[in-house]
Amino acid sequence: MSGGERWSGAGRGAGGDSGGEAGQALAWAERIVELGSVDPRAAWRAAEEVVARCLAAEPGLAAWCAPPFADLLEHGLLPHGPLDHGPTEHGPTDPEHGPERGTEHGAGAEPYPAGGTPGRPGTRAGGGNAGAAGPGGGVRAGRGWGEVLAVALRAAGVAARGAGAARVAESRLREAVRVGEEGGWPVRAAQGRLSLVPVLADLGELDAALAEAATAGARLTGVDSARLEVHRAGVLVRAGRHREAVARFGAAMGPLEAAGDHRFLAGALLNRATAHAYLGRYARAEDDLRRCLALAERAGLDYIALLVRMNLPFVVARGGDVPAALRHHETAERVLREHPERLATARMDLAEALLALRMPADARTLLRSALAGPLTAADSAEARLLLARAELLSGETLRARATAERAAGEFRAQRRLAWAPLADEVACRARHESGELTAALLAGVRRCARALTAAGHPGPAAHARIIAARVALGLGLPAEARAELEAVPPSAGPAYWHARALLRLLAGDRPAALGALRAGLRALAARAARLGAADLRAHALTEGADLADLGLSLALSTADPALVLSWSEHWRALTSPLPPTSREEDGPARSAGEPGRGTPARPGGTAPGVPGVPARPGTGGGEHAGGDAGHGDAPAGSLGEGRVRWRYWARATGGAVVDEVGVEAVLPGLGGAVLVELVREGDRLAAVVAGREGWALRDLGSYTEAAEAGARLRFGLRRLAYRDSEDVAAAGRGVVDEAFALDERVFGPLRDLTAGRDTVIAPVGALYSAPWGMLPSLAGTAVTVVASVTRWLGGRERPGPGGGVVAVAGPGLRLAGPEAEAVAALRAGRVLAGPAATRDAVLRAVDGAGVAHFAAHGSFRGDSPLFSRLELADGGLMAYELMGVRRAPRLVVLSSCDGGLAGVPADGAPLGTAGMWLGLGTANVVASVVPVRDEDAMDLMTLFHGLLADGLPPAAALARAEAKTGVHGFVCFGGRRTG
């Protein structure tokens with residue numbers, strides 16, 4: 001590509017001497033400009049070679065620029081020997097920037113076309129005005145080489161930006177501008193400003209970038225003017241002026257298309273898609289990306305095609321299709337490995353999508369990686385805003401406030417006034433959630449809401465107005481609260497219905513308030529319907545926790561047990577959808593190298609302090625009695641683990657999300673059993689009891705105290721299993737005392753309604769993992785623990801697999817093999833043990849089986865329930881791998897430690913190995929919520945399966961087996977009613 005073809009000022013000076021060395025150097029320098037963001041490191045070296053040649057030919061030019069190669073040396077790019085012109089890392093191409101980061105993907109830089117190896121600074125490789133000095137003297141004394149220097153400096157700046165050295169790029173481009181202006185090449189100076197615009201945007205200096213664009217625009221014409229508009233529009237996207245950016249991108253496209261400038265045209269489409277996405281125009285954004293990809297593929301612009309694939313997750317996630325975004329991100333991670341600047345931006349985009357689904361642990365993992373990478377100042381501010389949101393979701397209000405205020409300061413310093421209110425809103429929420437209730441907070445959050453509305457952020461503005469209303473109500477200012485709530489528009493989705501509900505309450509209309517809350521939850525259910533993975537859906541739906549809590553509070557205030565149950569079940573049904581009717585043939589992609597595989601839960605499988613007595617220990621995630629799994633930083637939250645989760649989330653399919661439930665079928669569906677559904681309002685614990693006598697609502701006291709009693713009981717059972725006490729008898733008495741304490745807190749007020757009756761329990765929070773069978777009030781009765789009673793009853797007629805029994809024995813346990821053999825003998829089943837009990841073999845065997853029994857080491861990961869595992873011959877069978885089972889067994893028995901533990905991000909959504917089986921459609925899972933000793937497990941399970949063979953249902957068989965063996969800690973979890 002010649003200088004005359006590329007640049008409007010190429011005919012002057014050296015360009016007029018096309019046959020001389022300076023003319024060849026000018027053409028080569030212009031070519032390097034084109035290559036600068038395709039192969040930035042090689043282009044940077046080549047551009048500095050041209051700078052050096054200019055200074056060698058005309059030493060007086062040295063007054064106008066820094067010596068060549070110094071910055072290359074600092075960045076480790078000084079060549080030793082011949083230049084390596086092979087592929088190198090591409091520079092950062094933020095979707096909000098101009099397309100210079102996404103230029104055409106051509107060959108690597110060619111060797112310097114004339115003159116051999118250029119001289120280094122200070123050498124005299126040529127004569128000509130060696131003594132020229134003073135302002136303008138060096139440039140004007142060597143007019144031809146001066147123009148070459150202006151273009152070479154521009155090329156070095158473009159390449160330095162592509163290599164992630166924004167400050168060096170700014171310096172070189174300002175030198176290019178100065179040389180052009182002082183040397184009498186105003187178009188060259190304007191072209192230098194054109195390339196300076198996106199660099200200043202990278203540095204967060206948006207006002208300066210727009211000022212440079214205005215100055216350059218006075219000189220540039222034709223295609224260069226259109227290119228400038230693309231860069232200017234990129235700055236406007238950074239500034240949050242998205243509508244103006246879309247208009248400018250559109251105005252530039254016609255001239256670019258007429259000139260055949262495919263590179264900048266593709267860049268304009270790419271970046272306009274980003275602006276459309278910020279405006280909520282997702283169809284237009286995807287259309288621009290499709291057009292950009294088609295153009296890039298036709299024109300051989302491989303790098304821009306790569307950028308399209310990087311931007312797809314961002315656009316698709318903002319449109320609400322997170323599984324598709326995760327699939328696109330998996331591709332982006334693969335193709336961007338050689339482009340760390342791009343990869344950092346892609347990880348920011350994925351973190352934003354995960355935060356929208358309230359998955360802060362995974363988002364923080366991504367943001368830590370991104371912030372440790374080569375982000376621009378503008379990207380760093382955005383990453384800090386996302387980090388503040390993640391910290392707030394993790395409950396770290398003080399840290400979130402500090403991070404948000406820092407981000408707001410950075411946005412304001414960068415003159416990104418449309419972004420700063422987003423950070424202010426996070427800071428206001430952090431203050432509110434930390435308990436602040438002041439006039440200052442009210443004034444601040446109202447200012448924030450107005451600023452968000454003016455900046456075009458209706459969603460955050462709606463949330464800010466609700467916070468303002470709640471603060472106003474807390475301060476006794478109902479009129480101010482009403483004004484804020486009435487300003488929330490219908491387009492705000494669930495937030496609108498939250499505002500409507502609060503307005504109805506202010507008007508004293510409780511039924512209308514409940515109706516508005518239900519409408520808000522329906523809106524959330526429609527959004528969650530796209531999410532197949534149970535944990536993803538459960539966390540996403542916690543956005544509606546405020547609506548659900550307010551609805552439950554209103555229901556409790558009526559003292560109507562049927563209404564309380566209806567509201568509780570409405571929320572539980574949302575978070576625990578019906579099992580999928582079909583799944584993909586293959587489960588999540590898996591390789592032997594994935595993290596966390598093959599690590600025994602406890603090497604040797606020996607209980608601590610008892611040599612030679614194997615246990616089935618639960619380690620790897622530590623103690624976790626339910627609670628908010630996934631909130632806060634995951635200690636083992638590596639990118640490797642994250643990729644496994646994201647792959648599962650991208651491929652998981654789920655059943656229908658039920659947004660309307662009826663409780664009229666509960667009483668007849670229970671038969672002779674009694675239902676105890678626990679509900680909580682703040683720290684208040686209550687129970688709805690349903691049975692032959694009808695309905696009742698009873699207060700049970702403090703939820704925290706009941707949860708702590710359950711945790712103490714589990715801790716005592718754990719100590720007994722590990723013999724972690726010098727006085728085993730005393731430890732046993734302590735366990736009995738804790739069982740009575742929990743029993744008194746929960747069933748003391750209910751004994752007149754539940755005594756001697758089979759019981760169905762729907763717990764809340766940490767109580768999901770309580771060992772209910774140990775409670776004296778439930779001794780000898782069949783107890784089934786369910787996440788949702790309406791879901792449990794709703795699946796009653798669903799046919800299960802008719803296959804046989806599969807008994808699996810994992811490694812490292814002396815009695816696992818004999819236990820599996822005993823189970824198989826009692827039930828006429830097959831055994832998988834030893835080397836045959838591999839993950840793949842087990843998954844194939846249990847697919848379609850009637851009963852699957854696992855005798856193996858087990859562990860629960862409270863920080864990441866999908867990584868809970870059962871140890872098999874070739875490593876751990878993770879909970880997420882169970883998605884490969886298309887026809888879940890009717891009954892699954894986990895004869896292992898902690899197999900029944902669960903993280904509970906929302907009531908109705910227990911997450912863990914047992915929860916995964918239930919989500920797949922298993923009717924019952926029998927599993928322990930504590931460690932279990934090897935010999936105890938065999939005694940209990942042999943009797944349990946014998947009773948099953950005699951025809952007892954699982955809950956009754958477990959109750960009788962525990963009573964006869966004295967082995968406690970196992971729970972019968974129900975996914976659907978079978979009898």
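All figures in this text were calculated on a predicted structure; none of them were measured in a lab. (Residues numbered from 1 in each chain as written. Predicted model: local features only at pLDDT ≥ 70, side-chain atom pairs only at ≥ 80, totals over all residues. Heavy atoms only, no water.)

Student: Sorry if this is basic, but what is going on with the packing of helix H16 (residues 340-356) against helix H18 (residues 377-393) here?
Tutor: The relative placement of two packed helices comes down to the angle between their axes together with the axis-to-axis distance. Between H16 and H18, whose axes approach to 10 Å, the crossing angle comes to 30 degrees. On the basis of their axis angle, the class for H16 and H18 is roughly parallel. Where H16 crosses over H18, the handedness of that crossing is left-handed. Only Asp 379, Glu 382, Ala 383, Leu 386, Arg 389, Ala 390 and Leu 393 of H18 make contact with H16, whose side of the interface consists of Thr 345, Met 348, Glu 352 and Leu 355. Of the residues contributing to the contact of H16 with H18, the split by class is 6 nonpolar, 1 polar and 4 charged. (Axes fitted to C-alpha atoms, helices over the stretch in contact; angles between N-to-C directions. Helix = DSSP H or I, 4+ residues; strand = E, 2+ residues; numbered from the N terminus. Parallel < 35°, antiparallel > 145°, perpendicular 65-115°, else oblique. Left-handed = near helix turned anticlockwise from the far one by under 90°. Contact = heavy atoms within 4.5 Å. Nonpolar A, V, L, I, M, F, W, Y, C, P; charged D, E, K, R; others polar.)

Student: Help me understand the pairing of strand E2 (residues 674-681), please; the structure alone is not making it clear to me.
Tutor: The side chains of a regular strand alternate, residue by residue, between the two faces of the sheet. Of all 8 residues in E2, 6 are buried, a share of seventy percent or more. Both E2 and strand E5 (residues 759-762) contribute to a ladder of 4 bridges, which runs parallel. Residue pairing for E5: Val 676 is matched across the bridge by Ile 761. Of the strand pairs in this sheet, E2 and strand E3 (residues 684-691) are connected by 7 bridges, and their pairing is antiparallel. Opposite Arg 680, over in E3, you have Leu 685 as the bridge partner. The antiparallel hairpin formed by E2 and E3 contains 2 residues in its connecting segment, where Gly 682 sits at a positive phi of about 65 degrees. (Buried < 20%, exposed > 50% of the residue type's maximum accessible area, 1.4 Å probe, protein only. Pairing = 2+ DSSP bridges.)

Student: What is the right way to read the sheet that holds strand E7 (residues 805-809) from this model?
Tutor: The strands making up a sheet are joined through hydrogen bonds of the backbone, oriented either antiparallel or parallel. With mixed pairing, 11 strands are arranged side by side in an open sheet as E4-E3-E2-E5-E6-E16-E14-E13-E9-E7-E8. Two strands lie at the open edges of the sheet, namely strand E4 (694-702) and strand E8 (830-832), each paired on one side alone. Neighbouring strand axes in the sheet, compared pairwise and without regard to direction, differ in orientation by 20 degrees on average. Strands in contact with helix H35 (residues 816-827) are E7, E8, strand E9 (851-855) and strand E13 (891-895); relative to E7, the strand with the most contacts, it is inclined by about 170 degrees. Those strands touched by helix H39 (residues 954-965) are strand E6 (783-786), E13, strand E14 (924-928) and strand E16 (970-974), and its axis lies near 170 degrees from that of E16.

Student: In this structure, what is going on with unusual backbone geometry? I would like to understand it.
Tutor: As a rule of thumb, non-glycine residues mostly have phi less than zero, and peptide bonds are mostly trans rather than cis. Positive phi, close to 60 degrees, is recorded for Ala 559, a residue that is not glycine. By the secondary structure assignment, Ala 559 is in the loop between helix H27 (545-558) and helix H28 (561-575).

Student: I keep staring at helix H19 (residues 397-413) and nothing clicks. Help me out?
Tutor: Because the α-helix completes a turn every 3.6 residues, residues three or four places apart line up on one side. Helix length check: H19, at 17 residues, gives a terminal C-alpha distance of 24 Å against a target of 24 Å (1.5 Å per residue), a fit within 8%. Regarding H19, the residues found buried are Thr 397, Ala 400, Thr 403, Ala 404, Ala 407, Ala 408, Glu 410 and Phe 411. Buried residues of H19, viewed axially, fall in a sector of 160 degrees; they line one side. In this structure, H19 carries Leu 398 and Ala 413 as exposed residues pointing more than 90 degrees from its buried face. (Expected span 1.5 Å × (residues − 1). Arc of directions from axis to C-beta.)

Student: In this structure, what is going on with the side chain of Arg 232? I would like to understand it.
Tutor: Structurally, Arg 232 is set in helix H10 (residues 222-239). Residue classification places Arg 232 among the buried positions, given a relative accessible area of 14%. Beyond its immediate stretch of four places on either side in the chain, Arg 232 contacts Val 197, Leu 210, Ala 213, Ala 214 and Arg 248.

Student: I would appreciate a short explanation of the packing of aromatic side chains in the present structure.
Tutor: Aromatic ring pairs are reported here in terms of the distance separating the ring centres and the angle at which the planes meet. Within this structure, the stated rule accounts for 8 aromatic pairs. Geometrically, the ring pair formed by Tyr 278 and Trp 419 is edge-to-face, given 5.9 Å between the ring centres and 80 degrees between the ring planes. Taken together, the residues span a long stretch of sequence, with Tyr 278 in helix H12 (residues 262-278) and Trp 419 in the loop between H19 and helix H20 (420-433) at a distance of 141 residues. For the pair shown, Tyr 278 and Trp 419 are each scored as buried. Between Phe 854 and Trp 917, the aromatic rings sit 6.4 Å apart at their centres with planes inclined by 40 degrees, giving tilted as the arrangement. Taken together, the residues Phe 854 in strand E9 and Trp 917 in helix H37 (residues 913-919) connect sequence positions 63 residues apart. The pair formed by Phe 854 and Trp 917 is uniform in burial state, with each residue classed as buried. (Phe/Tyr/Trp six-rings, centres within 6.5 Å; stacked < 30°, edge-to-face > 60°.)

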